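Each chain, written out:
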Amino acid sequence: MKRTALIAGVTGIGGNHLARELLANGWEVVGLSRRAPKDLPGVRHVAADLMDPVTLGRALADVAPTHVFITTWMRQDTESENIRVNAALVRNLLDALSPQKSVRHVALVTGLKHYLGPFEAYASSGTLPDTPLRESQPRLPLENFYYAQEDEVYAAAERDRFTWSIHRPHTIIGLAVGNAMNLGTTLAVYASICKETGRPFQFPGSEAQWKGLSDVTDARMLARQLAWAADTDAAKNEAFNIVNGDVFRWSWLWPKLAGWFGVQAAGYNGQVQPLEAAMANDREVWREIATRHGLAEPDLDRLASAWHTDLDLGRPLEVMTDMANSRRLGFSAYQATDDSFFDLFARLRAERLIP
């Protein structure tokens, strides 16, 4: 049976790797984003604004996907604005596709804020749900745009009779230039600056993160789970956590990352030292490094998202995730986390994004 995927957010970390996974497995792939991906020649691109229902409907008038993958969101200044905007982009997309009656399954990518609450809540409260985080945990009594997005999917599924799956990654490790939530590339750029300037590779986060257990999500793992759920009857109408399948402590991983770059690792020293402050004056430094080494992207802000890395590594308690729901249904993929970072670093170097 023919399978046509529409990936909303095809230029992002999740969408890009998903497109590669689906293309490799014989899918027809349509990518929806404002700008066309430069590294996905097998993808048919549709340029559209998810917040403009009229032009979105026109752009998708001749697109009849069997599967829709929503891997994008738009960051706003407040959670109420996050809810308004990000619920609307899901609603607008599914409304635009509704007349075709072609959609059989919709997958929505959200994240662990489903359990932790919005950035502001988990960054400052000092309290988090019990870990490991499980899909069975109830929604928090807080505003959360993930809940609003899920509700839009559920309503459209009831209307148009398609199945759905929800996928909740932890921090995603993968290559996507211009992404606003990019810990792996941020650390690679930071380590490169440290090497060029002789600064120590200072862990920026909290004692709880330094000493506690954590996990991350390789973008390739997310792509595999999305593809698996789309093809597995037992996975329909289910929510799934998705991480690499191992756990680690930053106190173990940080020296390994430093060793890859040949820089001096400096661990937690009694206080949080935010990366956003440490890199605040590095824009010109990076531009000079890029010029000297002939790098492809001289704009630091297109590569590094220090604010997001600080939120991840500054959490006051350890955060780790349970994957039993997908494991019991047959999803068995695994990825070693140190290799996730090393593979990304090697690709960044091959793409001339770091020296």
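A quick note: this is a predicted structure, and the numbers were derived from the prediction, not measured.

Calculation rules
- Residues numbered from 1 in each chain as written.
- Predicted model: local features only at pLDDT ≥ 70, side-chain atom pairs only at ≥ 80, totals over all residues.
- Heavy atoms only, no water.
- Salt bridge = Lys/Arg side-chain N within 4 Å of Asp/Glu carboxyl O.
- Helix = DSSP H or I, 4+ residues; strand = E, 2+ residues; numbered from the N terminus.
- Buried < 20%, exposed > 50% of the residue type's maximum accessible area, 1.4 Å probe, protein only.
- Axes fitted to C-alpha atoms, helices over the stretch in contact; angles between N-to-C directions.
- Parallel < 35°, antiparallel > 145°, perpendicular 65-115°, else oblique.
- Contact = heavy atoms within 4.5 Å.
- Nonpolar A, V, L, I, M, F, W, Y, C, P; charged D, E, K, R; others polar.
- Pairing = 2+ DSSP bridges.
- 1 Å grid on protein atoms, 1.4 Å probe; cavity = no way out; pocket = protein on both sides within 12 Å on 5 of 7 lines; lining within 4 Å.
- Points joined across faces, edges and corners; volume = space filled by probe spheres on them.

## Here we look at the pattern of salt bridges
Across all of its chains, the model carries 24 salt bridges by this definition. Notably, a salt bridge pairs Asp39 with Arg347, separated by 4.0 Å at the nearest N-O pair. Here Arg347 lies in helix H15 (residues 337–350) and Asp39 lies in the loop between strand S2 (28–33) and strand S3 (44–47), a separation of 308 residues in the sequence. By relative accessible area, which is 23% here, Arg347 ends up partly exposed. Between Arg283 and Asp301 there is a salt bridge, with the nearest N and O atoms lying 3.0 Å from each other. Residue Arg283 is found in helix H12 (residues 283–293), and its partner Asp301 is found in the loop between H12 and helix H13 (306–313); the two are separated by 18 residues along the sequence. What you see here is one network of salt bridges that share partners, running through Asp95, Lys101, Arg159 and Asp160.

## A look at the packing of helix H7 (residues 183–197) against H13
Running from N to C, H7 and H13 cross one another at 110 degrees; their axes reach a closest spacing of 9 Å. Taken together, H7 and H13 sit at an angle that is classed as roughly perpendicular. Side by side, H7 and H13 meet where Leu183, Thr186 and Leu187 of the first sit next to Ala306, Thr309, Asp312 and Leu313 of the second. The residue inventory of the contact of H7 with H13, partitioned by class, reads four nonpolar, two polar and one charged.

## Quick word on the sheet that holds strand S6 (residues 163–169)
Strands sit in the order S3-S2-S1-S4-S5-S6-S11 across an open sheet of seven strands; the sheet is parallel. Pairing within the sheet leaves two strands with one partner each, and these edge strands are S3 and strand S11 (238–242). Along the sheet, successive strands turn relative to each other by an average axial angle of 20 degrees, direction set aside. Summarising the sheet, strand S1 (residues 4–8) and S2 pair through five bridges and their orientation is parallel.

## Structural notes on the layout of surface pockets
Take a probe with the size of a water molecule and roll it over the atoms, and the empty space left behind shows itself. Taken as a whole, the largest pocket spans an internal volume of roughly 980 Å³. Around the largest pocket sit 40 residues that line it, and Gly12, Thr71, Thr72, Trp73 and Asn179 are the ones nearest its centre. Listed by contribution, the elements that provide at least two residues to the lining of the largest pocket are helix H1 (13–24), S2, helix H5 (119–124), helix H6 (145–160) and H13. Among the elements that take part in the lining of the largest pocket, H6 stands out by supplying three residues, more than any other. Here the lining of the largest pocket is built from residues that sort into 18 nonpolar, 15 polar and seven charged. Of the voids in this model, the second largest pocket is the one considered here, and its volume is about 480 Å³. In terms of lining, the second largest pocket is formed by 16 residues, of which the most central are Arg35, Lys38, Asp39, Val177 and Arg302.

## A look at the pairing of strand S4 (residues 67–70)
Every regular strand shows the same layout, with side chains that alternate between the two sheet faces. Residues His67 and Phe69 line one face of S4 and the alternating positions Val68 and Ile70 line the opposite face, and both faces are buried. The pairing of S1 with S4 spans four bridges and is parallel. Looking across to S4, one finds that Leu6 is bridged to Val68. Of the pairings in the sheet, the one linking S4 to strand S5 (residues 105–109) comprises four bridges and is parallel in character. Pairing of Ile70 across the sheet is with Leu108, part of S5.

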